[in-house]
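Structural overview for review
Okay, here's what each chain looks like letter by letter:
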Amino acid sequence: MKISGVDIRPGNILEYENGIWKVAKTQHTQPGKGGAFMQVEMKNLIDGRKTNVRFRSADTVEKVRLDTKDFQFLYPEGDQLVFMDIENYDQIQLPADLLGDAAAFLQDGMQVLLELWEERPISVQLPEQVEATIVEADAVVKGQTASSSYKPAVLDNGVRVMVPPHIESGTRIVVDVYEKAYVRKAD
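Source: prediction; values computed, not measured. (Residues numbered from 1 in each chain as written. Predicted model: local features only at pLDDT ≥ 70, side-chain atom pairs only at ≥ 80, totals over all residues. Heavy atoms only, no water.)

So, on to the pairing of strand E9 (residues 91-95). As paired strands, strand E8 (residues 80-85) and E9 are joined by 5 bridges and run antiparallel to one another. Its bridge partner being in E9, Leu-81 is matched across the sheet by Leu-94. Hairpin connection of E8 to E9: 5 residues between the antiparallel strands, including Tyr-89 at a positive phi of 65°. (Pairing = 2+ DSSP bridges. Helix = DSSP H or I, 4+ residues; strand = E, 2+ residues; numbered from the N terminus.)

Here it is in structure tokens:
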């Protein structure tokens with residue numbers, strides 16, 4: 001589907017210069033002289049390159065629709081991750097860097113959503129929030145009540161997050177996977 005250069009939004013997947021790009025940021029600029037344009041920061045979903053491109057309102061770009069499919073995470077194997085198609089039980093291996101920092105939150109049996117372009121996996125989406133256990137939490141510093149005092153803590157997967165003072169080591173919490181932020185205490 002063709003869209004105008006000024007209709008590009010963050011999160012859009014575009015076909016540009018024979019590659020598949022995900023829009024990270026956009027900024028609409030209307031200079032005093034000349035036509036308006038959209039400054040677009042994009043990341044290539046195949047090789048990870050980043051670029052900045054200016055699209056005028058007269059430019060059109062192809063918006064790509066990705067297929068999504070449910071998969072289950074099985075286990076890591078070296079720098080690869082093994083997933084299983086829930087429908088037909090086929091297993092595929094994907095590089096761990098396809099998930100970026102979110103890979104640390106993968107748990108055995110976790111349901112994930114694979115985005116495919118022409119039957120080729122482009123990205124893996126984890127659930128927005130996961131439960132994790134605190135293995136190490138710093139002691140609360142007395143007298144720090146004037147500001148909202150969060151303290152650093154380490155989760156069982158090695159990720160550091162900031163938690164409220166009442167959270168102690170051994171507590172199960174809910175964490176936002178992509179923000180790496182404390183959400184609430186787990187039930």
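Structure's up, so let's keep going.
Let us now look at the pattern of salt bridges. Charged atoms that come close allow side chains of opposite charge to pair. Applying the stated criterion to the full structure yields 4 salt bridges. The shortest N-O distance in the salt bridge between Arg-56 and Asp-59 comes to 3.5 Å. The closest approach of N and O atoms between Arg-172 and Glu-131, which form a salt bridge, is 3.3 Å. On the criterion of sequence distance, the pair formed by Arg-172 in strand E15 (residues 172-176) and Glu-131 in strand E12 (residues 129-137) is long-range, its members being 41 residues apart. (Salt bridge = Lys/Arg side-chain N within 4 Å of Asp/Glu carboxyl O.)

Cross-referencing UniProt, the feature "domain: Translation elongation factor P/YeiP central" (unreviewed entry) maps to residues 68-122 in the present numbering. What you have in residues 68-122 is 0% helix and 56% strand, and the ends, taken at the C-alpha atoms, are 10 Å apart. (UniProt positions renumbered as here; feature names shortened; annotations may be inferred.)

A word on the domain arrangement of the protein. If you check the domain split of the protein, you get domain 1 (1-62), domain 2 (65-123) and domain 3 (128-183). For domain 1 versus domain 2, the separation of C-alpha centres amounts to 27 Å. Each partner contributes residues to the interface: domain 1 has 4 residues there, and domain 2 has 4 residues. Interface area, domain 1 with domain 2, both sides summed: about 480 Å², of which 75% is carbon and sulfur. On the domain 1 side of the interface with domain 2, the three residues burying the most area are Ile-20, Leu-45 and Ile-46, jointly 74% of the side's total. (Domains from an automatic or database assignment. Contact = heavy atoms within 4.5 Å. Buried area = accessible area lost by both parts, 1.4 Å probe.)

Structurally, Arg-120 can be placed in strand E11 (residues 120-125). On the basis of relative accessibility, which here comes to 42%, the residue Arg-120 falls in the partly exposed class. In the structure, Arg-120 is positioned 93 residues away from Gln-27 in sequence and 30 Å away in space, judged by C-alpha atoms. (Buried < 20%, exposed > 50% of the residue type's maximum accessible area, 1.4 Å probe, protein only.)

There is about 1,000 Å³ of room inside the largest pocket. Looking at the largest pocket, it is lined by 33 residues, and the ones nearest its centre are Lys-43, Leu-45, Leu-98, Leu-99 and Gly-100. Residue assignment for the lining of the largest pocket shows that the elements contributing at least two residues are strand E3 (19-29), strand E4 (37-44), E9 and E11. The greatest single-element share of the lining of the largest pocket, amounting to 6 residues, is contributed by E11. (1 Å grid on protein atoms, 1.4 Å probe; cavity = no way out; pocket = protein on both sides within 12 Å on 5 of 7 lines; lining within 4 Å. Points joined across faces, edges and corners; volume = space filled by probe spheres on them.)

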